[in-house]
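Observations on the model geometry
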Amino acid sequence: MISLAFLRENPDFVIERLRIKNFQASEYVSQIINYDKSRRSLQKQLDDNFAEQNKIAKEIGILFKEGKKEEAQLLKDRTAVLKVEAKTIEENFSSNENAINEILVLLPNIPHSSVPKGYSAEDNEVVYSEGDLTLPSYFLPHWEVCEKKKLINFEIGSKLTGAGFPIYIGKVAKLQRALINFFLDNALEANYIEIQPPYMVNEDSAFATGQLPDKEGQMYHVSKDNLYLIPTAEVPLTNIYRNMILKNEDLPVKHCAYSACFRREAGSYGKDVRGLNRLHQFDKVEIVQITTPENSYLILDEMKAYVLTLLQKLELPFRIIRLCGGDMSFTSALTYDFEVFAKGQQKWLEVSSVSNFENFQANRLKLRYKNENGKTQLLHTLNGSALALPRIVAALLENHQTEQGNIYIPKALQVYTGFELI
RNA sequence: GGAGAGAUGGCAGAGUGGUCGAUUGCGGCGGUCUUGAAAACCGUUGACCUUCACGGGUCCGGGGGUUCGAAUCCCUCUCUCUCCGCCA
């Protein structure tokens, strides 16, 4: 959520920057400013009213002690009038406040100055790439490899649960376990503190990280207890710090977590969902950092560099992309996507997304710190996948095929898998 | 699931209708003393809205109510603890 104070002071800037995200904000912004104006004048009226009521209440107390009942009664009559007035003002006030908030949650985050204008994935900017893209003729897409070697069974998953919930069998099950440990150990080495979070969160948490209200349909909901299955560990990880004021020496906060992730992926269909490319349940190791506004872009670079080393260790060809305004998420100010080239299906697969949310999440979270001047100020939150498993597994199965039809396990992973070939 | 107790500032813990936004202790910060430190002593120390400022207002788990006046009384929700039941 964009902070109201910032919007009040920089309305034109907000409107102009949101154009990069192809969002027409001018109507919303002027509405908010009008509501805010009357909200503040109502607040003044209400404060004055309460001030008088408070004063009278104290006077009545004194009069009662002195036994001056009649005089007290006169003052009581005055408060009765004030209370009626206060009630109307209050109603007006809160309807203004609600109106502001309703509009405010509709505004996406302001994109960073480096974000290119654009409408879709075609307008994204490739900022880095490495790895060998040559295509041996015998390479198969991972779903064919899985079928041939009986590694992943999609049909049984459908029988158990539904489409998008495959079962992993034998060596590929262990490969997944190995990847989780590999990712976690790397994160620990980079000084992230590991968390095991709950897989369900309440409404407040889902709202604070921005899943509600805009992405409600994307989450599985347990209606009986009004809980949401987490679409990513980002939600519990970031919400740890909801309603907190951190000290300077606590920063930056660095957390990593493994979790299963649950996504309904409502509205997605077609060739993109083939095999492991898009699942309803998948495993992921997530990294989250919380830092001061001055440092957040340095931290974003640090996180980007960290994810890069993971892909290098997995010996996968990849590229880093700076998302254009139109392709960015609602909450992000700057996002780098990591795409791995899956040679079997000859396709770039998004395996990580590293974002700086600046204070957009922190504003909803009420996550602040005391700066050097002793002022409380919103922090910046960042997160990244490091990494999501299914597409990495797909890429490993597709890119590390040998001529004999086996799958080679990269050196860095072998100590975790205990085998060199599948 | 049943019965009971509780939720107060960074922490501990008073306060049961009237200058209480809250006694006190610890912790934090500043100072005196000291070569330095400790101890002792003095001062200071919550968040939010609003105002150029002075100031005003809100917040004692959340929401609602009673009252001229609520941390204090009532209702409700959430959470925590104790006991019983069930259970990996």
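You'll find the structure just up there.
No experiment lies behind these values; they were computed from the predicted model shown.

How each quantity is defined
Residues numbered from 1 in each chain as written. Chains lettered and ligands numbered in written order. Predicted model: local features only at pLDDT ≥ 70, side-chain atom pairs only at ≥ 80, totals over all residues. Heavy atoms only, no water. Helix = DSSP H or I, 4+ residues; strand = E, 2+ residues; numbered from the N terminus. Buried < 20%, exposed > 50% of the residue type's maximum accessible area, 1.4 Å probe, protein only. Contact = heavy atoms within 4.5 Å. Areas by Shrake-Rupley, 256 points an atom, 1.4 Å probe, with all protein chains shown as cover. Lys, Arg positive; Asp, Glu negative; His and termini not counted. Charge placed at Lys NZ, Arg CZ, Asp CG, Glu CD. Patch = residues over 30% accessible without salt bridge, like charges linked within 9 Å, V, L, I, M, F, W, Y side chains within 5 Å. Salt bridge = Lys/Arg side-chain N within 4 Å of Asp/Glu carboxyl O. Pairing = 2+ DSSP bridges. Axes fitted to C-alpha atoms, helices over the stretch in contact; angles between N-to-C directions. 1 Å grid on protein atoms, 1.4 Å probe; cavity = no way out; pocket = protein on both sides within 12 Å on 5 of 7 lines; lining within 4 Å. Points joined across faces, edges and corners; volume = space filled by probe spheres on them. Nonpolar A, V, L, I, M, F, W, Y, C, P; charged D, E, K, R; others polar. Near = heavy atom within 4 Å. Polar contact = N/O pair within 3.5 Å; in protein donor to acceptor, adjacent residues only side chain to side chain.

All right, on to the overall build of chain A then. Within chain A, the regular secondary structure consists of 13 helices and 16 strands. With the C-alpha coordinates of chain A rotated into their principal frame, the extents come out at 105 × 45 × 45 Å. Within the span of chain A, comprising 422 residues, buried residues form 48% of the whole. Partitioning the contacts of chain A with sequence separation of at least 6, the portion at a separation of at least 24 is 74%. Accessible surface, chain A: about 20600 Å² in total, of which carbon and sulfur atoms supply 51%. Charge centroids of chain A, computed over 49 positive and 54 negative side chains, lie 3 Å from each other.

Moving on to a negative patch on the surface. A cluster of acidic side chains, namely Glu122, Asp123, Asp327 and Glu350, defines a negative patch on the protein surface. By secondary structure assignment, the location of Glu122 is in the loop between α4 (69-104) and β1 (125-130).

Spatial strand order, β1-β11-β12-β13-β16-β10-β9-β4: eight strands in an open sheet with mixed pairing. For this open sheet the edge positions go to β1 and β4 (193-195), each flanked by a neighbour on one side alone. Averaged over all pairs of adjacent strands, the angle between their axes in this sheet comes to 25°, without regard to strand direction. Note: β4 against strand β9 (residues 253-262), three bridges, orientation parallel. When the bridges of β9 are listed, Glu194 appears paired with Cys256. Seen against the sheet, helix α12 (residues 389-399) touches β10 (281-291), β12 (334-342), β13 (347-356) and β16 (380-388) and runs at an angle of roughly 40° to β16.

To continue, consider the layout of surface pockets. Estimated volume of the largest pocket: approximately 1500 Å³. In terms of lining, the largest pocket is formed by 48 residues, of which the most central are Arg263, Arg278, Glu350, Ser353 and Arg391. For the lining of the largest pocket, the secondary-structure elements that each account for two or more residues are β10, β11 (318-322), β12, β13, β16 and α12. In terms of residues, the lining of the largest pocket owes the most to one element, β13, which gives eight residues. Looking at the lining of the largest pocket, its residues break down into 16 nonpolar, 16 polar and 16 charged. A volume near 560 Å³ is recorded for the second largest pocket. Taken together, 22 residues line the second largest pocket, and the ones lying closest to its centre are Ile2, Ser3, Phe6, Asn359 and Leu378. Breaking the lining of the second largest pocket down by element, the ones donating at least two residues are α1 (4-9), α2 (11-20) and α11 (360-365).

Turning to the protein's contact with RNA strand B, a few remarks are in order. With respect to spatial proximity, 19 residues lie near RNA strand B, and among them Gln43, Asp47, Lys83, Lys370 and Thr376 are the closest. For RNA strand B, the fraction of protein-proximal atoms (within 4 Å) that sit in sugar or phosphate groups is 72%. Interatomic distance of 2.4 Å between a side-chain N/O atom of Lys370 and a phosphate oxygen of RNA strand B. Contact between RNA strand B and Thr376: a phosphate oxygen at 2.6 Å from a side-chain N or O atom of the residue. Where the surface near RNA strand B is concerned, the elements lending two or more residues are α3 (26-66), α4 and β14 (367-370). Looking at which element gives the most residues to the surface near RNA strand B, the answer is α3, with eleven residues. Grouping the constituent residues of the surface near RNA strand B by class yields six nonpolar, five polar and eight charged.

This part is about the sheet that holds β14. Spatially, three strands are ordered β8-β14-β15 in an open sheet, and the strand pairing comes out mixed. If you trace the sheet from one side to the other, it starts and ends with β8 (244-246) and β15 (376-378), each paired once. Neighbour to neighbour, the strand axes of the sheet diverge by 35° on average, direction disregarded. Pairing of β8 with β14 involves three bridges; the strand directions are parallel. Across the sheet, residue Met244 finds its bridge partner in β14, namely Leu367.

A separate point is the environment of Lys148. Checked against the element boundaries, Lys148 lands in helix α5 (residues 142-149). According to the relative accessible area criterion, Lys148 is exposed, its value standing at 63%.

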